[in-house]
Structures are given as structure tokens and as C-alpha cells.
Amino acid sequence: MSDPNDLRAFLKEAWQHLGRGVTDSRSPARYPTFATTDSNGTPQARTVALRGASQSGATVEVHTDTQTDKIASLRQTPLAALHIWLPKADLQIRLTAEVEILTGDAVEDAWAKVPEGSRVSYGTEPAPGTPIDHVYAYEKPSKRSRFAVLVCHLTHMDLVHLGERHRRAVFTKDDGWQGSWVAP
Ligand SMILES: Cc1cc2nc3c(=O)[nH]c(=O)nc-3n(C[C@H](O)[C@H](O)[C@H](O)COP(=O)(O)O)c2cc1C
């Protein structure tokens, strides 16, 4: 049994789950909830797919279409919160991040790795969220120019483990990800 008081191990476990989310589409970490603040100050949450996770860089990555509302929100307020619940591990992961929007030449390599069949997620006409006259009155061409990578530079992680005794810790960029226990 590992030491429950080991902050470093707790953080490592969370990053292992994030890494699994990137590589394993059956992992619950594959589909975080991604929340932004819109121009009215209203929180907006939606499901996304986790496309990258790096503990050393303290980043996670998400792909999106430049014409989605989340991009408009992020251009105004470049902050996001991500949430993941891992039922088997009894672990909740909450992340706060400063979001960098990459497009154009900066996403060439990432675009090259997007499977042909998935490229239609980037380019819906009319743009996502536009009112339409019929349920299927839209097209899904793939448009390289509409592909964006959201690099989420983490500033804060909050982990809650529902064990026999609950554990909660916060880790911040400012404290060099050392972390500290808080009451759950
Ligand atoms: C399982 C699932 C995975 C999704 N993955 C993504 C994704 O990786 N990127 C994305 O922009 N939208 C993704 N979506 C769609 C979003 O949830 C959302 O409907 C869309 O991006 C428009 O959101 P917005 O108008 O708030 O920007 C996914 C939806 C589901 C149900």
C-alpha cells in the first residue's frame, strides 16, 4: 500500500490518468468537461477530447474549430477550467489553465496527425451554433484553416480522492507544483 500522505505520488497518479486519456479513448479522462467564460460573464461548459498531456510542460491540449463559441470566449478571456471524474479510481481532477490558441503554420504537425475521418470536425458550414432551417441543413467539409490547437498552460490542479478517508490536494504553478493538502 503506497503512502496516502505522498503529495508527489498523488500528482503523478493524476498525470498518469491524463496521459491515458490521450492514448485510450475508453478512459474517462479522454473526455474532460472544458469550461470558459463567455462575453456576458456566463460560464459555458462542454465536452472535449483530450489530445495532449505533459507533466513536464504542465500543459494539456485540446483541438477545436476556430468558428466555435469557445474560441470567441477564449479570445476575450483566455482562461479555462477542465474537469474529469474517474469513477474506478474514485478521483476527481480539476484543472485551471491559461489558454494559448494555435492556428495556421503552428498547427501543421498536429493537423497531419488528425485522421482523415476526423478532419470533418473542423469546418462545419454554417459555423457551429448558427440557426438552421432543418435538422440536417449543414455540411461538414474538412477545412485545415479552421483547425485550432488549444494549449492549456496549467496554473492550478485540484485533486480529490474518495478513499476510505478522503484526500484532497491543490497544486499550483506558483508553488512549483509541490502541492499541499486541504480539507476535502
Ligand atoms: C464526446 C464528445 C467529444 C467532443 N470533443 C470535442 C473536441 O475535442 N473539440 C471541440 O471543439 N468540441 C468537441 N465536442 C463538441 C463540444 O462539446 C461542443 O458541442 C462544440 O465544441 C461547440 O461548443 P461551443 O459552441 O461551446 O464552442 C465534443 C462533444 C462530445 C459529445
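Everything in this summary refers to the structure shown in the same document. (Residues numbered from 1 in each chain as written. Predicted model: local features only at pLDDT ≥ 70, side-chain atom pairs only at ≥ 80, totals over all residues. Heavy atoms only, no water.)

### A word on the environment of K143
The cut-off we apply is this: For helices the rule is a DSSP run of H or I covering at least 4 residues; for strands it is a run of E covering at least 2, with both sets numbered from the N terminus onward. The rule is simple: take the accessible area with a 1.4 Å probe, protein chains only, and divide by the maximum for that residue type; under 20% is buried, over 50% is exposed, in between is partly exposed. Two residues qualify as a contact provided that any one of their heavy atoms is within 4.5 Å of a heavy atom in the partner residue. Pairs of N or O atoms are called polar contacts if they sit within 3.5 Å, as long as, within protein, a hydrogen donor faces a hydrogen acceptor (for residues adjacent in sequence, only side-chain-to-side-chain pairs).
Along the chain, K143 turns up in the loop between α3 (108–113) and β7 (147–161). Exposure remark for K143: the relative accessible area of 27% places this residue in the partly exposed category. When the C-alpha positions of K143 and T124 are compared, they lie 8.4 Å apart, and in sequence the two are 19 residues distant. Residue contacts for K143: discarding those within four places in its chain leaves W111, R119, Y122, G123 and E125. Among the polar contacts made by the side chain of K143, one reaches the side chain of E125 at a distance of 2.4 Å.

### Describing a nonpolar patch on the surface
To keep things clear, this is the line we draw: Grouping into patches uses exposed residues only, defined as over 30% relative accessible area, and leaves out salt-bridged ones; the cut-off is 9 Å for like charges and 5 Å for nonpolar side chains (Val, Leu, Ile, Met, Phe, Trp, Tyr). Only the protein chains shown count as cover for residues, and the accessible areas themselves come from Shrake-Rupley with a 1.4 Å probe. Any carboxyl oxygen of Asp or Glu that lies within 4 Å of a side-chain nitrogen of Lys or Arg is treated as forming a salt bridge with it.
A cluster of nonpolar side chains, I132, V135, Y136 and Y138, forms an exposed patch at the surface whose accessible area comes to about 420 Å². Mapped onto the elements of the fold, I132 is located in the loop between α3 and β7.

### Digging into the nonpolar core
The condition that has to hold: For our purposes a nonpolar core is just a set of buried Ala, Val, Leu, Ile, Met, Phe, Trp, Tyr and Cys residues, chained together by side-chain atoms within 4.5 Å.
Ranked by internal contacts, the top residues of the largest apolar core, which has 34 residues, are L18, F34, V60, I93 and M157. If we skip the residues at most four places from it in the chain, L18 touches L50, A53, V60, I84, I93, L95 and M157. Counting seven residues, the second-largest nonpolar core is a separate cluster that includes W111, Y122, V149 and V151.

### Let's talk about the site of the ligand
Where we set the bar: Nearness here has a simple test: a residue counts as near a molecule or strand if at least one of its heavy atoms is within 4 Å of that partner. Amino acids are sorted into nonpolar (Ala, Val, Leu, Ile, Met, Phe, Trp, Tyr, Cys and Pro), charged (Asp, Glu, Lys and Arg) and polar (every other residue, Gly among them).
With respect to spatial proximity, the complete set of residues near the ligand consists of Y31, R46, T47, V48, A49, H63, T64, T68, D69 and K70. Here T47 contributes a backbone N or O atom positioned 2.7 Å from an oxygen atom of the ligand. For the ligand, an oxygen atom lies 2.5 Å from a polar atom in the side chain of T64. For the shell around the ligand, the per-class residue count stands at three nonpolar, four polar and three charged.

### Here's the deal with the packing of aromatic side chains
In plain terms, the rule: Note on aromatic contacts: the rings of Phe and Tyr and the six-membered ring of Trp form a pair at centre separations within 6.5 Å, being stacked when their planes are under 30 degrees apart, edge-to-face when over 60 apart, and tilted otherwise.
Under the counting rule described, the total for this entry stands at four aromatic pairs. Residues W111 and Y122 carry aromatic rings whose centres are separated by 6.2 Å and whose planes lie at 70° to one another, so their mutual orientation is edge-to-face. With a gap of eleven residues between them, W111 in helix α3 and Y122 in the loop between α3 and β7 connect regions that are remote in the sequence. The exposure classification of W111 matches that of Y122, with both residues buried.

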